[in-house]
Amino acid sequence: MSIGSKIFLLEDDLSLNETLVDFFEESGYIVTSEIDGLEAESTLYEKKFDLILLDVNVLNLNGFELLHSIREFGVKTPVVFITARDTIEDIERGFGQGAEDYIKKPFSLKELKIRVEAILKRYNKESNFIKITSECQFNRESGEIISKGVTEKLSNKEAKLLELFLLHPNEILSHEVIFNQVWEYDETPSDSSLRTYIKNLRKVLPKESIESIKKRGYRYIGRE
């Protein structure tokens, strides 16, 4: 799984919506959710996500109509339908409009996660390299920074932290968010260890790339 992958969820069952948000956030994802189709359309026009989960029977703009709308707008993010509509015609319509998968309710959370991770892995194979500057890039798969032909291998934590920064440029990331995304559930994070990883990253990144925001966290300054 890619640390900090962004998932958008459209689900009008409030209980299921909350369950899915909690489940994926606990698994290390960043989740944005809506219960209304038109609100979802607005969000998807304005923000970028790594994967979209769509219910079909929702208010104002159903999932099929929403997918058609965002594809027309140029959004190519992979989509998975999660719905109780299970006729062959519905499934055919979902795939025909460009969905990656179609999961019928009720479903297992573990199965949904497996399918989501498989799709993200398939799409991320083509985007293992993240640009830092015109002469520097990060290989998210190997955990290496490549600059002017020189390779710098990062530790596991440093690589996860850098990936999180690069996926959220110019955003303030609190210590809590960083701990949740970079440390495993059975590990005990600390401010001192985080400062050490930040210090090490600053040595290999362009000058002043990581900004300390007093009492709030850190911000990676994205540059061309």
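See the structure above.
No experiment lies behind these values; they were computed from the predicted model shown.

Whenever I open this one, the environment of L20 confuses me. Can you help?
Here L20 lies in helix α1 (residues 14-26). L20 sits 15 residues away from I35 along the chain, and the two C-alpha atoms are 13 Å apart. Apart from the residues lying within four places of it in its own chain, the contact partners of L20 are L9, I82, F107, L109 and L112.

Honestly, a negative patch on the surface in this entry has me stumped. Any pointers?
Taken together, the side chains of E18, D22, E25 and E26 make up a negatively charged region of the molecular surface. In this fold, D22 is placed in helix α1. For D22, a relative accessible area of 35% puts it in the partly exposed group.

Explain the pairing of strand β5 (residues 101-104) here, please?
Two faces make up the sheet, and in a regular strand the side chains alternate between them. Note that strand β4 (residues 79-83) and β5 share four bridges and pair parallel. Bridging from a neighbouring strand, V80 pairs with D101 of β5. In the classification by handedness, the crossover that spans β4, the intervening helix α4 (residues 88-96) and the parallel β5 is right-handed.

I keep staring at the packing of aromatic side chains and nothing clicks. Help me out?
Within a pair of aromatic rings, the relevant descriptors are the distance that separates the centres and the angle that separates the planes. According to the stated counting rule, one finds ten aromatic pairs in the structure shown. Ring centres of F24 and Y29 lie 5.6 Å apart, and the angle between their planes is 80°; this geometry places the pair in the edge-to-face category. For the pair formed by F24 and Y29, the shared burial category is buried.

Help me understand the packing of helix α6 (residues 156-167) against helix α7 (residues 175-182), please; the structure alone is not making it clear to me.
When two helices pack together, you describe them by how their axes are tilted relative to each other and by the distance separating the axes. Put simply, α6 and α7 touch, their axes get as near as 10 Å, and they point 125° apart. By the criterion of interaxial angle, the relationship of α6 to α7 is oblique. When the axes of α6 and α7 are compared, the crossing they make is right-handed. Contacts between α6 and α7 pair K157, K160, L161, L164 and F165 from the former with I178, Q181 and V182 from the latter. Per-class residue counts for the contact of α6 with α7 are five nonpolar, one polar and two charged.

Conventions adopted
- Residues numbered from 1 in each chain as written.
- Predicted model: local features only at pLDDT ≥ 70, side-chain atom pairs only at ≥ 80, totals over all residues.
- Heavy atoms only, no water.
- Helix = DSSP H or I, 4+ residues; strand = E, 2+ residues; numbered from the N terminus.
- Contact = heavy atoms within 4.5 Å.
- Patch = residues over 30% accessible without salt bridge, like charges linked within 9 Å, V, L, I, M, F, W, Y side chains within 5 Å.
- Areas by Shrake-Rupley, 256 points an atom, 1.4 Å probe, with all protein chains shown as cover.
- Salt bridge = Lys/Arg side-chain N within 4 Å of Asp/Glu carboxyl O.
- Lys, Arg positive; Asp, Glu negative; His and termini not counted.
- Charge placed at Lys NZ, Arg CZ, Asp CG, Glu CD.
- Buried < 20%, exposed > 50% of the residue type's maximum accessible area, 1.4 Å probe, protein only.
- Pairing = 2+ DSSP bridges.
- Right-handed = clockwise from strand over helix to strand, strands pointing away.
- Phe/Tyr/Trp six-rings, centres within 6.5 Å; stacked < 30°, edge-to-face > 60°.
- Axes fitted to C-alpha atoms, helices over the stretch in contact; angles between N-to-C directions.
- Parallel < 35°, antiparallel > 145°, perpendicular 65-115°, else oblique.
- Left-handed = near helix turned anticlockwise from the far one by under 90°.
- Nonpolar A, V, L, I, M, F, W, Y, C, P; charged D, E, K, R; others polar.

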